[in-house]
2 protein chains.
Amino acid sequence: MGHDLTLDGLRDLAEGAALLGTGGGGDPYIGRLLVERQLRAGRTVRIIGVDELPDDALVLPSAMMGAPTVFVEKLPSGAGNVAALRALERHLGRTAAATMPIECGGLNSMMPLLLGAQTGLPVVDADGMGRAFPELQMETFAVYGVSGSPMSIASDHGDTGIIDAVDNRRMEWLARAMTIQMGGAAYICDYPMDAATVRRTAVPGTLTLARRLGATLRQARAAHADPFEALAGTLADTIYSHGMVLFAGKVIDVERRTVDGFARGRVTMAALDDPGDRLEITFQNEHLVARRGTRVVAIVPDLICTLNSETGAPVTTEALAYGQRLTVFAISTPDIMRAPEALRCFGPSAFGLSEEYTPVERLAAAARA
Amino acid sequence: MGHDLTLDGLRDLAEGAALLGTGGGGDPYIGRLLVERQLRAGRTVRIIGVDELPDDALVLPSAMMGAPTVFVEKLPSGAGNVAALRALERHLGRTAAATMPIECGGLNSMMPLLLGAQTGLPVVDADGMGRAFPELQMETFAVYGVSGSPMSIASDHGDTGIIDAVDNRRMEWLARAMTIQMGGAAYICDYPMDAATVRRTAVPGTLTLARRLGATLRQARAAHADPFEALAGTLADTIYSHGMVLFAGKVIDVERRTVDGFARGRVTMAALDDPGDRLEITFQNEHLVARRGTRVVAIVPDLICTLNSETGAPVTTEALAYGQRLTVFAISTPDIMRAPEALRCFGPSAFGLSEEYTPVERLAAAARA
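Here the structure is a predicted model, which means the values were calculated and not measured.

Student: Just give me the short version of the overall build of chain A, but keep the residues and values in it.
Tutor: Along its length, chain A carries 12 helices and 18 strands. The globule rule puts the C-alpha radius of gyration for 369 residues at 21 Å, and the 19 Å found for chain A is close to it. Taken over the C-alpha atoms alone, chain A extends approximately 60 × 45 × 35 Å along its principal axes. For chain A, the proportion of its 369 residues judged to be buried stands at 57%.

Below, the structure written as structure tokens:
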């Protein structure tokens, strides 16, 4: 059962994960190179379905924590990846049977693959965000009652830590400070749980989805087809059923700061044929809300993706720059992420936004009406 | 062997510890009240000599970490004290045979006594600073090769953490950030070691010394005697052999900020009979250097104590205020703290001061010459 990741599969997966990163999650390019090096050295990454583990098997999700703006200036070496896993295993007094992503977007879709290659652990094809989110408590695991603690954290320098917080928000609060001290980037393992709990609380099949989306973009390019129509077609038969273009234009302003361990800011775009027609996206690592003029056209947890208008290649928030021709592509989140308890955890109010959540497909229908 | 702490002994110890806190360490008043409550509830605190444990007995030093300015506004409840101990025991997979202070100055002379009362563990009569210092790596333990890691940290809210850093400076760096997130004050256990190592690396007898100094001040008050002469007399036959008045005057300026988890600033005093004769002390939690005009009259690691001119009662940096009549009293540090390797760890250069260390008794002799 399961399958071994190929080099081609990895490339597709990385591009799809950049899309699901919804502007954040860190550019998967660096992570892809780390995994490629492992594969070329003869190591394997086994991806397994969420049903392939016995109920009581211990799963330790893994990721990097920090601001994507840091990852591009100080490339992660991967050295702390295994250290974080071993620290949590030691603390729990148990050995992991598998790892998995906590978010399937961006760099963090790659880090569990790297860990799988480094240790031989299989990687579960599922995650706890169904996209990327900036904070550790913003997990379907958390929404459905799993404690993120105890978690482990490791630097590239050999330091490790364990955090056992009273709740998942305080875990984020404490781990963020450690991450900042560790240089703005750290390796973590959190939400230790058994496979039965993974089945109950994770968004399933998201590594496969990312690979399919990446393959869709690759094939559209090869066929000189419209990448956005191709993406919408692929999404139509998944739990992310709606994919749609919201806007196409040119970046006319980017405001970006690395503050409190996050990349925060906003990007403003103008339509090519009407410079007065503007779309502004606010981000905290990931894109949070897109406003066309004063009207909200998409809002968390729906995915707001900024893609190169020619190639469909995802552009992450740390790479946004004046003059880029971008297409804003929105993807509806699965129902598991739209439940009231999920929206309390990672809906608009969790980011201090005053707007109510409205599904992106409803916003689009209202705009057409 | 050893002895049980009495209520009277506790009061003397707290006052002597405020003196050895050299302006910092946190006012022991709050810690004294926490220990008093335990003693009145029938619990006991057993103080034992450094020779009374078998070589391989595990000693877990304990303390509070944070800015003294925070302790006086947000009183520690003591709730996290036991949590920190248990977290480190769990991590090590071993049970402590005793605790001890990491610094014998201020509040941190009291916290191990509280832990002893809470858990029944004896408290070793020794410490790792021979006074108070602001940072975790500034320990005789560290100077003589002991790793501070793994250390535990706990908040008053139920959060705990373990830090296993590559060196003691990075441990301080990581723990300081956790302390700030925990509200500016946290409970820690660090420098786990066996009793043989305590004997090799600790400053011995400092709880007893603090109690003797406190008793000296109490008895001087009762006898209407000069408290400073009395202190100098008591110190003369200890390893802290020189005690001397450097200055007496009135506080004319205090500059104090709580920044990066520390209380930083300086106090300026003017002589009562000559307002142009001024002494300025710079502090980082503790007093670091005293300058009379431009001349250094005492510098770390020698102890610079600010005492009420009438009563000899120690005044900590967070309590310094305009108009106070204070006497600046210096105490020479033991030889173990003046070795070149010790001065590299907590001498002037460790605090960014450009002056060389000169023993306070030599500075005093030079001033008289």
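Continuing now.
Student: Could you give an account of the domain arrangement of chain A, with specific residues and numbers?
Tutor: Residue and element names in this part refer to chain A. Segmenting chain A into domains produces domain 1 (3-204) and domain 2 (226-368). Look at where the C-alpha atoms of domain 1 and domain 2 centre, and you get two points 24 Å apart. Across the boundary between the two partners, domain 1 contributes 31 residues, which contact 27 residues of domain 2. Of all the secondary-structure elements, those providing two or more residues to the side of domain 1 that touches domain 2 are helix H1 (7-20), helix H3 (68-71), helix H6 (140-143) and helix H7 (168-181). Of the residues assigned to the side of domain 1 that touches domain 2, the class counts are 15 nonpolar, 13 polar and three charged.

Student: Tell me about the interface of chain B and chain A, and please be specific about residues and values.
Tutor: On the chain A side, the residues contacting the 18 residues of chain B number 18 residues. Mapped by element, the contributors of at least two residues to the side of chain B that touches chain A are strand S8 (160-164) and helix H7 (168-181) of chain B. The leading source of residues in the side of chain B that touches chain A is H7 of chain B, at seven residues. Residues belonging to the side of chain B that touches chain A are distributed by class as follows: nine nonpolar, six polar and three charged. Here strand S8 (residues 160-164) of chain A pairs with S8 of chain B via five bridges, running antiparallel. Bridging across to S8 of chain B, Ile162 of chain A finds its partner in Ile162 of chain B.

Student: So what's going on with the sheet that holds S8 of chain A? Which residues, and what values?
Tutor: Taken in spatial order, the eight strands line up as S4(A)-S9(A)-S7(A)-S8(A)-S8(B)-S7(B)-S9(B)-S4(B) in an open sheet, and their pairing is antiparallel. Only two strands of the sheet have a single neighbouring strand rather than two, namely strand S4 (62-66) of chain A together with strand S4 (62-66) of chain B. Between one strand axis and the next, the sheet turns by 25° as a mean value, whatever way the strands run.

Student: Describe the confidence of the model for chain A, and please don't skip the residues or the numbers.
Tutor: Here chain A averages 95 in pLDDT, and 100% of its residues register 70 or above. The ipTM, which scores confidence in the relative placement of chains, is 0.84 for this predicted complex, and the corresponding pTM is 0.89.

Student: Quick one: what's the story with the relation of the copies chain B and chain A, residue by residue and with numbers?
Tutor: If you rotate chain B by 180° and push it 0.0 Å along the axis, it lands on chain A with an RMSD of 0.0 Å. Seen this way, the second copy is the image of the first under a two-fold rotation axis. The position closest to the rotation axis in chain B is occupied by the C-alpha of Ile162 of chain B, lying 2.4 Å away. Residue by residue, 100% of the interface of chain B is reproduced at the interface of chain A, so both copies engage with the same surface.

Student: Give me the lowdown on helix H9 (residues 206-222) of chain A, citing residues and values where you can.
Tutor: All names here are of chain A. Counted at 1.5 Å a residue, the expected span for H9 with its 17 residues is 24 Å, and the 24 Å between its end C-alpha atoms agrees. When we look at burial in H9, the residues that qualify are Thr206, Leu207, Leu209, Ala210, Arg211, Leu213, Gly214, Thr216, Leu217 and Ala220. Phi turns positive, to about 50°, at His224, one or two residues after H9.

Student: So what about the sheet that holds strand S16 (residues 295-299) of chain B? Which residues, and what values?
Tutor: Residues and elements named next belong to chain B. Strand order in this open sheet of seven strands is S16-S15-S14-S13-S12-S18-S17, and the pairing throughout is antiparallel. Two strands lie at the open edges of the sheet, namely S16 and strand S17 (303-308), each paired on one side alone. Going from strand to strand, the sheet's axes swing by 35° on average, the running direction of each strand aside. Alignment of strand S13 (residues 262-271) against strand S14 (residues 278-284), held across seven bridges, turns out to be antiparallel.

Student: I'd like a rundown of the pairing of strand S7 (residues 151-154) of chain A, residues and numbers included.
Tutor: Residues and elements named next belong to chain A. The side-chain alternation of S7 yields two buried faces, one formed by Met151 and Ile153 and the other by Ser152 and Ala154. When S7 meets S8, the two strands line up antiparallel, connected through four bridges. Note on S8: the bridge partner recorded for Ala154 is Thr160. Hairpin connection from S7 to S8: five residues lie between these consecutive antiparallel strands, with Gly158 at a positive phi of about 110°. As paired strands, S7 and strand S9 (residues 185-189) are joined by three bridges and run antiparallel to one another. Following the sheet pairing, Ser152 is matched in S9 by Cys189.

Student: So what about the packing of helix H2 (residues 28-40) of chain B against helix H5 (residues 107-119) of chain B? Which residues, and what values?
Tutor: To characterise two packed helices, one gives the angle between the axes of the helices and the distance between these axes. All names here are of chain B. It is at 8 Å that the axes of H2 and H5 come closest, and there the two elements cross at 15°. It follows that H2 is roughly parallel to H5 by the angle criterion. Handedness of the H2/H5 crossing: left-handed. Side by side, H2 and H5 meet where Pro28, Ile30, Gly31, Arg32, Leu34, Val35, Gln38 and Leu39 of the first sit next to Leu107, Ser109, Met110, Met111, Leu113, Leu114, Ala117 and Gln118 of the second. Its residues assigned to classes, the contact of H2 with H5 shows 11 nonpolar, four polar and one charged.

Student: Can you explain the packing of helix H1 (residues 7-20) of chain B against helix H9 (residues 206-222) of chain B? Please cite residues and give values.
Tutor: Residues and elements named next belong to chain B. The interhelical angle for the contact between H1 and H9, taken along N-to-C directions, is 100°, at an axis separation of 6 Å. With respect to H9, the element H1 is oriented roughly perpendicular. On H9, the residues touching Gly9, Arg11, Asp12, Leu13, Ala14, Glu15, Gly16, Ala17, Leu19 and Leu20 of H1 are Leu207, Leu209, Ala210, Arg211, Arg212, Leu213, Gly214, Ala215, Leu217 and Arg218. Of the residues contributing to the contact of H1 with H9, the split by class is 11 nonpolar, three polar and six charged.

Student: Residues and numbers for the pairing of strand S9 (residues 185-189) of chain B, please.
Tutor: All names here are of chain B. The buried fraction of S9 amounts to five of the five residues, a majority that puts the element mostly inside the structure. Neither face of S9 is open: one carries Ala185, Tyr187 and Cys189, the other Ala186 and Ile188, and all of them are buried. Relative to S9, S4 is paired through five bridges, and the arrangement is antiparallel. Bridge assignment links Met64 to a residue of S9, and that residue is Tyr187.

Procedures and definitions
Along each chain, residues carry numbers from 1 onward, in the same order as the chain's sequence is written. Labels are handed out in written order, letters beginning with A for the chains and numbers beginning with 1 for the ligands. Side-chain atom pairs in this predicted model are given and counted only at pLDDT of 80 or more, local residue features only at pLDDT of at least 70, and totals for whole chains, interfaces and linings cover all residues. Here a strand is any run of E in DSSP of at least two residues, a helix any run of H or I of at least four, and the numbering for each starts at the N terminus. The globule rule is 2.2 Å times the number of residues to the power 0.38, and the radius of gyration it is compared with is taken over C-alpha atoms. With C-beta atoms placed from the backbone, a residue is labelled by how many other C-beta atoms lie within 10 Å of its own: buried for 20 or more, exposed for 12 or fewer, partly exposed between the two. The domain limits used here are those given by an automatic or database domain assignment. Each residue gets a C-beta atom placed from its backbone, and two residues are in contact if those atoms lie within 7 Å. Amino acids are sorted into nonpolar (Ala, Val, Leu, Ile, Met, Phe, Trp, Tyr, Cys and Pro), charged (Asp, Glu, Lys and Arg) and polar (every other residue, Gly among them). Here a strand pair is declared whenever DSSP counts at least two bridges between the two strands. Fitted lines through C-alpha atoms give the axes, limited to the stretch in contact for helices. The angle between two N-to-C directions lies from 0 to 180 degrees. Summary of the metric used: pLDDT quantifies the predictor's per-residue confidence within the range 0 to 100. The least-squares superposition of copies is restricted to C-alpha atoms, and to residues with a pLDDT of at least 70 in both copies. To estimate the expected span of a helix, count its residues, drop one, and scale the result by 1.5 Å. We call two directions roughly parallel when the angle between them is under 35 degrees, roughly antiparallel when it is over 145, roughly perpendicular when it lies between 65 and 115, and oblique otherwise. By definition, any crossing whose near helix is turned counterclockwise from its far helix by less than a right angle is left-handed, and any crossing with a clockwise turn is right-handed.

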